[in-house]
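A structural walkthrough
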Amino acid sequence: MAGILDVPKPRINCSMLSRFINRAVCFVGRVEKVHPSGKMFTVVDGESKTATVELNEPLEEELSGVVEVIGMVSNKGDIMASTYNTLREDRGVPFDLELYNEALKVIHDFPQHYPFQVAASG
């Protein structure tokens with residue numbers, strides 16, 4: 001069976017979480033708060049909605065800025081992260097989460113033009 005990193009993953013935002021329960025997803029958001037245990041953090045998407053990301057192991061580094069999380073959506077609507085990457089914003093141009101969110105809407109509204117993602121059922 002293929003691992004989560006080997007299968008196509010739809011890019012989603014908070015409003016789409018409930019449609020992807022028990023499915024692998026890619027989520028991009030700005031870190032809002034890291035839990036003191038280091039095993040959980042919250043991210044804000046381009047619609048200013050918040051999602052919770054849970055980790056298998058505590059963070060070993062400070063986490064801030066924009067992150068891309070690959071993981072499974074739990075029954076609670078949290079993202080169980082398999083991996084995450086911090087997106088660098090060191091060139092003076094911040095990542096535009098609102099524009100990214102608009103791109104997500106286009107991808108999901110016109111899936112026939114974006115065959116690289118798996119369409120959600122339902």
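Since this is a predicted model, take the numbers as computed values, not measurements. For every chain, the first residue of its written sequence is number 1, and the numbers climb from 1 along that sequence. At least 70 in pLDDT is required for a residue's local features to be given in this predicted model, at least 80 for side-chain atom pairs to be given and counted, and no such filter applies to totals for whole chains, interfaces and linings, which use all residues. Heavy atoms from the whole structure form the basis of all side-chain values; hydrogens and water molecules are not counted.

Considering the state of the cysteines
When the sulfur atoms of two cysteines share a covalent bond, that bond is a disulfide. Defined by distance alone, a disulfide is two cysteine sulfur atoms within 2.5 Å. Throughout the structure, instances matching the rule amount to zero disulfides. Sulfur of C14: no disulfide; nearest cysteine sulfur belongs to C26 and is 13 Å away. Summary of the burial criterion: residues with accessible area below 20% of their type's maximum are buried, those above 50% are exposed, and those between are partly exposed, where the area comes from a 1.4 Å probe applied to protein chains only. In this structure C14 comes out as buried when scored by relative accessible area, which is 12%. Given the relative accessible area of 3%, C26 is considered buried.

Some remarks on the environment of S37
Of note, S37 is situated in the loop between strand 2 (24-34) and strand 3 (40-44). Once the C-alpha coordinates of S37 and P58 are considered, the two residues, 21 residues apart in sequence, prove to be 6.7 Å apart. A 3.5 Å cut-off defines polar contacts: any pair of N or O atoms within that distance qualifies, except that in protein one atom must be a possible hydrogen donor and the other a possible acceptor, and neighbouring residues in sequence count only when both atoms are side-chain atoms. A polar atom in the side chain of S37 sits 2.9 Å from the side chain of H35. Polar side-chain contacts of S37 include one of 3.2 Å to the backbone nitrogen of K39. A run of H or I in DSSP counts as a helix once it spans at least four residues, and a run of E counts as a strand once it spans at least two, with each numbered from the N terminus.

Examining the packing of aromatic side chains
For Phe, Tyr and Trp, where Trp contributes only its six-membered ring, two rings pair if their centres lie within 6.5 Å, and the inter-plane angle classes them as stacked under 30 degrees, edge-to-face over 60, or tilted in between. Across all of its chains, the model carries two aromatic pairs by this definition. Measuring from centroid to centroid gives 6.2 Å for F41 and Y84, while their planes differ by 70 degrees, and the two rings are edge-to-face. In this pair, F41 is assigned in strand 3 and Y84 in strand 6 (residues 79-87), connecting sequence segments 43 residues apart. A residue is classified by how much of its surface remains accessible, and F41, at 1% relative accessible area, is buried. Taking 5.7 Å as the distance between ring centres and 55 degrees as the angle between the ring planes, the aromatic pair formed by F95 and Y100 counts as tilted. Residue classification places F95 among the partly exposed residues on the basis of a relative accessible area of 28%.

Remember, this is a structural readout, not a statement about activity or role.
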